[in-house]
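Summary of structural features
Each chain is listed here by its residues.
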Amino acid sequence: MARVGDVTAADPFVVHRSLLFTVAYEMLGSAADAEDVVQEAWLRWDGVEQDTVRDPRAYLVRVVTRQALNKLRAQARRREDYIGEWLPEPLLTSPDVAEDVELAESVSFAMLTVLQTLGPIERAVFVLREVFDTPYDEIAGTTGKSAAAVRQIAHRAREHVAARRPRVAVSRAEQDAVVRRLLIALRGGDMRGLLDLMAPDVVVVADGGGLAQAARRPLRGAELVANLLAKYAEHAPEGSIETVAWFNGEPAIRIDVAGRIDTAVSVVVEDGLITRIYAVRNPHKLGRLGEAASLSR
């Protein structure tokens with residue numbers, strides 16, 4: 001039986017590891033928790049008679065999904081006690097991820113925040129069915145629901161997500177152009193330039209987790225948001241560096257202070273204007289941004 005230290009490239013776990021991480025991350029919104037789930041899947045895989053598993057991919061996805069569901073239920077209390085707004089953990093990705101449009105959209109900040117509004121079972125069903133096109137009977141075996149029930153859950157989850165996701169997907173080129181204009185206006189404290197980028201009802205959601213300064217409630221309105229961002233240049237720490245980076249399959253802004261990442265900023269663009277800004281400042285959610293994650297569908 002293969003051990004962690006001597007698995008080969010042909011081992012099904014190695015072949016599907018990126019897929020397993022993607023499933024867990026989309027369900028949990030946390031790279032750290034997703035890695036824990038994948039490690040648990042490895043332990044389960046290492047403990048079975050692998051030659052008797054007819055479909056290793058389905059088996060491993062089922063294990064990861066069940067472990068992620070257990071973790072979601074255990075996290076419910078922690079989420080209730082969380083200080084301020086909770087946002088997913090940003091994931092450093094390579095520009096190549098954007099080439100798979102469906103994968104990039106499924107791990108985008110906009111999608112992940114919508115998925116957090118679903119219940120655990122709904123989230124699992126949506127991710128497995130809509131993102132990975134898993135058969136209903138396979139999802140039923142994973143979630144302990146009947147195939148008919150899974151179809152109903154999938155329908156409800158699909159409607160829920162459709163009502164809350166961005167209305168029109170923009171190209172990565174348009175996203176990149178808007179992000180770069182935002183970065184220039186941010187650096188220069190350009191109030192006019194910021195207002196030109198904002199939708200009238202733009203919303204800013206910040207996550208400091210009680211460990212970094214951040215608004216505890218969403219901020220709404222172009223004037224308020226632009227005024228807040230225009231002050232960044234004036235109050236930015238000495239030596240801070242703002243650059244365009246690729247988070248969750250799309251261009252975003254990375255702010256470093258004293259050589260360490262301080263804030264990850266993602267935006268939602270609709271009709272050429274920014275409708276939502278997500279700013280993650282919780283240091284526990286920024287520590288894993290040193291290397292790009294490997295994702296797959």
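The paragraphs below set out a description of the structure included in this document. Note that the coordinates shown come from a computational prediction; the quantities given were computed from them, not determined experimentally. (Residues numbered from 1 in each chain as written. Predicted model: local features only at pLDDT ≥ 70, side-chain atom pairs only at ≥ 80, totals over all residues. Heavy atoms only, no water.)

1. Describing the layout of surface pockets
- There is about 740 Å³ of room inside the largest pocket.
- Along its surface, the largest pocket is lined by 24 residues, and Q213, L228, L229, Y232 and R281 are the ones closest to its centre.
- Breaking the lining of the largest pocket down by element, the ones donating at least two residues are α9 (172-188), β1 (198-207), α11 (222-230), α12 (232-235), β4 (250-257), β5 (260-270) and β6 (273-280).
- Its residues assigned to classes, the lining of the largest pocket comprises 18 nonpolar, three polar and three charged.
- The volume enclosed by the second largest pocket comes to roughly 540 Å³.
- Lining the second largest pocket we find 26 residues, and of these T113, V114, R164, R276 and Y278 sit closest to its centre.
- Counting only elements with at least two residues in the lining of the second largest pocket, the list comes to α5 (109-115), β1, β5 and β6. (1 Å grid on protein atoms, 1.4 Å probe; cavity = no way out; pocket = protein on both sides within 12 Å on 5 of 7 lines; lining within 4 Å. Points joined across faces, edges and corners; volume = space filled by probe spheres on them. Helix = DSSP H or I, 4+ residues; strand = E, 2+ residues; numbered from the N terminus. Nonpolar A, V, L, I, M, F, W, Y, C, P; charged D, E, K, R; others polar.)

2. Considerations on the packing of aromatic side chains
- Under the definition given, this model contains four aromatic pairs.
- For the ring pair F21 and Y25, a centre distance of 6.0 Å and an interplane angle of 5° mean the geometry is stacked. Of this pair, F21 and Y25 both sit in helix α1 (residues 12-28), four residues apart, which is roughly one turn of the helix.
- Overall, F21 belongs to the buried group, its relative accessible area being 4%.
- In this structure Y25 comes out as buried when scored by relative accessible area, which is 0%.
- Taken together, a centroid distance of 5.6 Å and an interplanar angle of 45° make the contact between F109 and Y278 tilted. Here Y278 lies in strand β6 and F109 lies in helix α5, a separation of 169 residues in the sequence.
- Residue class for F109 comes out buried when judged on its relative accessible area of 2%.
- Judged by relative accessible area, which is 4%, Y278 ranks as buried.
- For R79, the ring lying beneath its charged end belongs to W86, and the centroid distance is 3.7 Å. (Phe/Tyr/Trp six-rings, centres within 6.5 Å; stacked < 30°, edge-to-face > 60°. Buried < 20%, exposed > 50% of the residue type's maximum accessible area, 1.4 Å probe, protein only. Lys NZ or Arg CZ within 6 Å of the ring centre and 35° of its normal.)

3. Quick word on unusual backbone geometry
- Even without being glycine, N248 reaches a positive phi, approximately 55°.
- Looking at where N248 falls in the secondary structure, it is placed in the loop between β3 (241-247) and β4.
- One non-glycine residue, A258, lies in positive phi territory at about 55°.
- Considering the arrangement of structural elements, one finds A258 in the loop between β4 and β5.
- Under the relative-accessibility criterion, A258 is labelled exposed at 70%.

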